[in-house]
Amino acid sequence: MEISQSEFLHLYYFLKLTRALEERVTTLYRQGRIVGGVYTSHGMEAISVGYASALQADDIIAPFHRDMGAFLVRGITPGEVLAQYLGKRTGPTKGKDGNVHMGDLKRGIIAFVSHLADNLPVATGVALAFKLRGESRIVAANTGDGGTSRGDFHEALNFASVRRLPVVFFCNNNQYAYSTPLHLQMAIKDVVERAKAYAIPGEIVDGNDVASVYLTAHRAFQRARDGGGPTFIECKTMRMHGHSEHDSAKYVPRELLEEWKKKDPILKAERRLKELGYAGQPEFQEIHMRVEKEIETALAFAEQSPLPEGPEALEGVFAANPVEVLI
Amino acid sequence: MTTSAITHEVTYLEAISQALDEEMSQDERVFLMGEDIGPYGGAFRVTEGFQDKYGEWRVLDTPLAESGIVGAAIGAAMMGMRPVVEMQFADFISCAFDQITEMAAKNHYRWGAEVPLVIRAPFGGGTHGGPFHSVCPEVWFFHTPGLKLVAPSTAYDAKGLLKAAIRDHNPVIYFEHKFLYRRVKEVLPAEDYIVPIGEAEIKRTGSEISVITYGAMVHVALEAAEALDQEGIDMEVVDLRTLSPLDTDTVKDSVRKTGKVIILHEDTKTGGIGGEIAAILAEECFNALDAPIMRIAAPDIPVPYSPPLEDFFLPKAHDVITAARQLAAY
C-alpha cells in the first residue's frame, strides 16, 4: 500500500499541530502559567499521529503520555488541551486531572492513568467487548519502553494472544524511562522480542517516519479486524526533552540528541512529501500559519474559560446515570 | 410454581449462582470472567454448568493474572458490558489492587467514564485456609473513594445485593463469605428482587445494646444475642450489608435508641472499619452514648492456619457476650 497525498498531508498537519501545541504548552509552563507537570511528545509525534490516523471512526485508543497527536487526531481540540493544562472547567476532566490525563468515550479515547501499562489490560477488555458482540472494531494501545517492564504489559499481551483479541499494541521506545536508559530497563536489544513470548507477531518501525508508522499500523489494524489477533509494534524514537519539562535530562548524552535531531519527524515528513511530489515549501508554510492561528484561538478559549469552583471537587465520584458510549 | 419449589431452601452459595444466572439470562451484557470458572465451575462451584448454558465467551476462563483480568473487565465495562469477575479467593485481589484503585475507582471522577464492574471476592476465615485463603481485605478498598463495597450475611441478601451490584453503574466489590456458603440457607422469593446498595438492615431488634457488624459476624452476633436474651439483656443486631457507602443513618438511629454499642468485625482491629464507625458515633452520637464504644475484632496478626490458632483468631459469640455484660453494667 502506498500513501496518498491527502493521507500524507493529513499526517503532516497533525504533526505540525501537535508540535505547535506542545511547544506552546512548554512556553506556558516556563512562564509559570501551568501549575502541574508537562509531558510532551517532542520529536516523537509521528508515532501517535501515525497510528491514530490509521484507525476508523468507531475504533478506540488507549494512549499514554507521549500520545498528544492521537488525542488531536481523535478530535480533542487544542483549546480543550490547553484548558486541561490550565485546570479549567472546559477541559475534558473539568479540572479534576491534568496534562494528558484525558479521555472521552464519545471520541473513542480511554483516559490514561500515571501508572504505566495500566491501559493495556483495559485495552484488551475493550477488544474483548468487541469480540463478545461480534463487532469489527479494534483498539490501539500504546506505552513506553519502561512500561513494558510492568506486569500489566505482560498480562495484557498474554490474554490478548490467548483469546486472539482485536487489539494492536504499540511501544514508543524513546530509549529512556525518566532517567533510566534502555539497557538498565531490559536485557534484550529490541522491545519487540517481548512479543515472541506471547506468540504475537512483532514489528519494528522507524518511529520518526510518520508514513511508516501509519502504513504499519494500518496493516496490523486490518489483521486485527479480520480476526487475526494482536500485533506488537515497536516504534524506535528518541525522547528529545526531559521526562517532563522540569527535567533538564542532563543524563542523556548530547551527541545522541544531536544525532536524533537530524531525524526529526517533521523534517523527515517534509523531505518525503517533496520526494513524492505531494507538497513543497509553500504548502508547508500555509499549514504552519494555519496551525499557529489555531493555537492562538485555542489559547484564547482556554484563558477565557472559567476555573472550576472549589466545591466542584466533590462532584462525580460515583456515576448516577448511564453515559453515552460510542457503540 | 409448585409448593415444593416455593419452600425449597437455597444456600448462600446457590443464591449467588441464582443471581448470576438470572442476570445473565435477562441481560446479554452480563458476562463472567475468572480463573477456572468455566468447565470446572469455579473453585467453589458457583458457576457450575454455566458454560454449558452460556458458552465459552460469556463464562470466560482467564489466565492466572488478576490485574489483567480486572483491567480487561474495566475495559469491557467502559464499552457498555457488565462484567462480573470472580477472584478465586479475596486474598488474590491484592494482585489487582492497582487496576481497582487507580483505574476503576477514579475513572468516573476524572473523566466521566462509567465502570459497571462487579468483582466477587470470596473472603473470610473459619475454613482453615491459612494466611492466603482467609483474609478480609475490605478495608483496603473502604479507604478508596469511587468503589462500592457490599458484604451479605444471608442467602436473601447474597442474591439481592449481587443483582443490585450487577445493575449498578459503578465498580462494586462483592465480598461473599466462604464460611457461609453452605452453612446458611433460606427460602427465597420466586420473583425478581434486589437488595439496594447502601441500606443496612436490623437483623434482630433490641433495646439495650447495638451490635454493628457484617458478613459472617452477623451470625456470631445473633448467637450472642440469643444467649444474652436468657440473661435479660436485649441486644439489637445491625447488619451493615453495604460497607461503602455506609448507611450511617441506620447505625446512628440504632445507637441513639440503645445508647450502647459494640462494633464487631472479623477483619483485624487496627485500621479496620470498626474504627471509622466508632469515630462517626463519637462525632455524631456522643450525647446518646451511655457507655464507651466497644470494638471486637481479630487481633492484628495474619490469619493463622492451625485450628486452635485460627479459632483463637476469629471473634466468637462469647467475646460479644462478655462485652455486652460489661456494657450492661453501665
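Scroll up for the structure.
What you are looking at is a predicted structure, and each value in this text was computed from that prediction instead of being measured.

**Description of the overall build of chain B**
Okay, so step 1: Within chain B one finds twelve helices and 14 strands.
Okay, so step 2: Once the C-alpha set of chain B is aligned to its principal axes, its extents read approximately 60 × 50 × 40 Å.
Okay, so step 3: Relative to its full complement of 330 residues, chain B shows a buried share of 63%.
Okay, so step 4: By sequence separation, contacts in chain B at least 24 residues apart represent 83% of the contacts at least 6 residues apart.
Okay, so step 5: Summing over all exposed atoms, chain B offers an accessible surface of approximately 12100 Å²; the carbon and sulfur share of this is 54%.
Okay, so step 6: Averaging the coordinates of the 27 positive side-chain charges in chain B and doing the same for the 49 negative ones gives two points 1 Å apart.

**Some remarks on the environment of Gly146(A)**
Residue and element names in this part refer to chain A.
Okay, so step 1: Note that Gly 146 resides in the loop between β2 (139–144) and α6 (151–162).
Okay, so step 2: Note on Gly 146: relative accessible area 16%, which makes it buried.
Okay, so step 3: As a C-alpha pair, Gly 146 and Met 44 span 102 residues in sequence and 16 Å in three-dimensional space.
Okay, so step 4: In this view, Gly 146 contacts Ala 177 and Gln 185; residues no more than four positions away in its chain are not counted.

**Side note on the interface of chain A and chain B**
Okay, so step 1: With 48 residues of chain A at the contact, the number on the chain B side is 39 residues.
Okay, so step 2: For the pair chain A and chain B, the summed buried surface comes to about 3500 Å²; carbon and sulfur atoms form 66% of the total.
Okay, so step 3: Contact with chain B buries area across many residues of chain A, yet Leu132(A), Arg163(A) and Phe318(A) alone supply 18% of it, more than any other trio.
Okay, so step 4: Counting the contacts that link chain A with chain B gives three salt bridges.
Okay, so step 5: Across the salt bridge formed by Arg150(A) and Asp98(B), the nearest N and O atoms sit 3.4 Å from each other.
Okay, so step 6: Taken together, chain A and chain B are joined by 18 residue pairs in polar contact (both at pLDDT 80 or more).
Okay, so step 7: At the level of elements, α5 (119–132) and α6 of chain A are the ones that each hand at least two residues to the side of chain A that touches chain B.
Okay, so step 8: In terms of residue count, the dominant contributor to the side of chain A that touches chain B is α5(A) (eleven residues).
Okay, so step 9: Of the residues contributing to the side of chain A that touches chain B, the split by class is 26 nonpolar, ten polar and twelve charged.

**Some thoughts on unusual backbone geometry**
Okay, so step 1: Cis geometry is found at the peptide bond from Ser244(B) to Pro245(B), where omega equals -5°.
Okay, so step 2: Relative to the assigned elements, Pro245(B) resides in the loop between β12 (242–244) and α9 (248–258).
Okay, so step 3: The residue Arg164(A) is not glycine, and still its phi comes out positive at about 45°.
Okay, so step 4: Relative to the helices and strands, Arg164(A) is located in the loop between α6 and β3 (167–173).
Okay, so step 5: Given a relative accessible area of 46%, Arg164(A) falls into the partly exposed group.
Okay, so step 6: Not every positive phi belongs to a glycine, and Tyr178(A) is a case in point at roughly 50°.
Okay, so step 7: Of note, Tyr178(A) is situated in the loop between β4 (176–177) and β5 (180–181).

**Some remarks on the pattern of salt bridges**
Okay, so step 1: In the structure shown here, the tally under the stated rule is 50 salt bridges over all chains.
Okay, so step 2: Of the charged contacts, one joins Arg150(A) and Asp152(A) as a salt bridge, the two residues approaching to 3.5 Å between their closest N and O atoms.
Okay, so step 3: Classification of Arg150(A) as partly exposed rests on a relative accessible area of 28%.
Okay, so step 4: In this structure, Asp190(A) and Lys236(A) form a salt bridge, with 2.5 Å as the shortest nitrogen-oxygen distance. Placement of the pair is Asp190(A) in the loop between α7 (182–185) and α8 (193–196) and Lys236(A) in strand β7 (residues 231–236), with a sequence separation of 46 residues.
Okay, so step 5: Judged by relative accessible area, which is 13%, Asp190(A) ranks as buried.
Okay, so step 6: Residue Lys236(A) is classed as partly exposed on the basis of its relative accessible area of 24%.
Okay, so step 7: Residues joined in a network through salt bridges with shared partners are Glu22(B), Glu23(B), Lys159(B), Lys163(B), Arg167(B) and Asp192(B).

**Quick look at the pairing of strand β5 (residues 118–123) of chain B**
All names here are of chain B.
Okay, so step 1: Most of β5 is tucked away, with six of its six residues classed as buried.
Okay, so step 2: The sheet contact formed by strand β4 (residues 82–86) and β5 spans three bridges and is parallel. Counted as the bridge partner of Val 85 is Ile 119 from β5.
Okay, so step 3: Following the backbone out of β4, through helix α5 (residues 97–111) and into the adjacent parallel β5, one traces a crossover that is right-handed.
Okay, so step 4: Bridge count for β5 against strand β7 (residues 172–177) is six bridges, and the pairing is parallel.

**Considering the sheet that holds strand β11 (residues 235–239) of chain B**
Residue and element names in this part refer to chain B.
Okay, so step 1: Read from one edge of the open sheet, five strands run β9-β11-β10-β13-β14, paired in mixed fashion. If you trace the sheet from one side to the other, it starts and ends with β9 (201–204) and β14 (294–298), each paired once. Recorded for the sheet is a direction-independent mean angle of 25° between the axes of neighbouring strands.
Okay, so step 2: Two elements, strand β10 (residues 209–213) and strand β13 (residues 261–268), share three bridges in a ladder whose sense is parallel.

**A few points about the layout of surface pockets**
All names here are of chain B.
Okay, so step 1: One number sums up the size of the largest pocket: a volume of about 430 Å³.
Okay, so step 2: Residue contributions to the lining of the largest pocket peak at four residues, all from α5.
Okay, so step 3: Taken as a whole, the second largest pocket encloses approximately 300 Å³ of empty space.
Okay, so step 4: As for the second largest pocket, its lining consists of 21 residues, of which Phe 179, Met 217, Val 220, Leu 314 and Lys 316 are closest to the centre.
Okay, so step 5: If you list the elements that add at least two residues to the lining of the second largest pocket, you get α8 (217–230) and α11 (307–313).
Okay, so step 6: In terms of residue count, the dominant contributor to the lining of the second largest pocket is α8 (four residues).

**Quick look at the nonpolar core**
Okay, so step 1: The biggest cluster of nonpolar side chains holds 90 residues, and the ones touching the most others in it are Ile110(A), Phe232(A), Met33(B), Met78(B) and Ile173(B).
Okay, so step 2: In terms of nonpolar packing, the next biggest core, distinct from the first, is built from 64 residues, Phe8(A), Ala20(A), Ala52(A) and Val100(A) among them.

Thresholds, definitions, all that
Residues numbered from 1 in each chain as written. Chains lettered and ligands numbered in written order. Predicted model: local features only at pLDDT ≥ 70, side-chain atom pairs only at ≥ 80, totals over all residues. Heavy atoms only, no water. Helix = DSSP H or I, 4+ residues; strand = E, 2+ residues; numbered from the N terminus. Buried < 20%, exposed > 50% of the residue type's maximum accessible area, 1.4 Å probe, protein only. Contact = heavy atoms within 4.5 Å. Areas by Shrake-Rupley, 256 points an atom, 1.4 Å probe, with all protein chains shown as cover. Lys, Arg positive; Asp, Glu negative; His and termini not counted. Charge placed at Lys NZ, Arg CZ, Asp CG, Glu CD. Buried area = accessible area lost by both parts, 1.4 Å probe. Salt bridge = Lys/Arg side-chain N within 4 Å of Asp/Glu carboxyl O. Polar contact = N/O pair within 3.5 Å; in protein donor to acceptor, adjacent residues only side chain to side chain. Nonpolar A, V, L, I, M, F, W, Y, C, P; charged D, E, K, R; others polar. Pairing = 2+ DSSP bridges. Right-handed = clockwise from strand over helix to strand, strands pointing away. Axes fitted to C-alpha atoms, helices over the stretch in contact; angles between N-to-C directions. 1 Å grid on protein atoms, 1.4 Å probe; cavity = no way out; pocket = protein on both sides within 12 Å on 5 of 7 lines; lining within 4 Å. Points joined across faces, edges and corners; volume = space filled by probe spheres on them. Core = buried A, V, L, I, M, F, W, Y, C linked by side-chain atoms within 4.5 Å.

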